[in-house]
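Inside the fold
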Amino acid sequence: MRCSRKIVVGMLAAATLVVAPLAVAAPAGATAYSNCKALNADYPHGVGQSGAVDSTSGTPVTNFTVNDNVYRQESSHDRDKDGIACERH
């Protein structure tokens, strides 16, 4: 009986470790930004996906926030399709 209880407790602990990061990474009802001005209020230099590199002939933006979930939601604001939405030069 004790062995079974330890297994159940261990499984519950493992399940908590798997589910908890998912709740933090993708919160329900995340903010949808109507335009870049609204997004830049929260992310002053834009938001990009992991590994994104600004495509520009001038000085590239390197201080944007990397957040794959927000970028996926706001990718329509990425006019030059470089993986960074609403970057400010």
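Residues numbered from 1 in each chain as written. Predicted model: local features only at pLDDT ≥ 70, side-chain atom pairs only at ≥ 80, totals over all residues. Heavy atoms only, no water.

Bringing the nonpolar core into the picture now. Buried together is how nonpolar side chains tend to be arranged in soluble globular proteins. Ranked by size, the top nonpolar core spans 8 residues in total: Tyr-33, Leu-39, Tyr-43, Val-47, Val-70, Tyr-71, Ala-85 and Cys-86. Among all residues touching Tyr-71, those that are not within four sequence positions of it are Val-47, Gly-48, Gln-49, Asp-78, Gly-83, Ile-84 and Ala-85. (Core = buried A, V, L, I, M, F, W, Y, C linked by side-chain atoms within 4.5 Å. Buried < 20%, exposed > 50% of the residue type's maximum accessible area, 1.4 Å probe, protein only. Contact = heavy atoms within 4.5 Å.)

Summarising the element assignment, Asp-54 is placed in the loop between strand 1 (47-48) and strand 2 (65-66). For the buried Asp-54, no salt bridge is present, and the opposite-charge side chain at shortest range is Arg-79, 11 Å distant. Among the polar contacts made by the side chain of Asp-54, one reaches the main-chain amide nitrogen of Val-61 at a distance of 2.8 Å. If we ignore the near neighbours within four places in the chain, the residues touching Asp-54 are Thr-59, Pro-60, Val-61, Asp-80, Asp-82, Ile-84, Glu-87 and His-89. (Helix = DSSP H or I, 4+ residues; strand = E, 2+ residues; numbered from the N terminus. Lys, Arg positive; Asp, Glu negative; His and termini not counted. Salt bridge = Lys/Arg side-chain N within 4 Å of Asp/Glu carboxyl O. Polar contact = N/O pair within 3.5 Å; in protein donor to acceptor, adjacent residues only side chain to side chain.)

So, about the environment of Ile-84. With respect to the secondary-structure elements, Ile-84 resides in strand 3 (residues 84-85). Put simply, Ile-84 and Glu-74 are 10 residues apart on the chain and 9.4 Å apart in space, counted from C-alpha to C-alpha. With sequence-adjacent residues up to four places away left out, Ile-84 is seen in contact with Val-47, Gly-48, Ala-52, Val-53, Asp-54, Phe-64, Tyr-71 and Asp-78.

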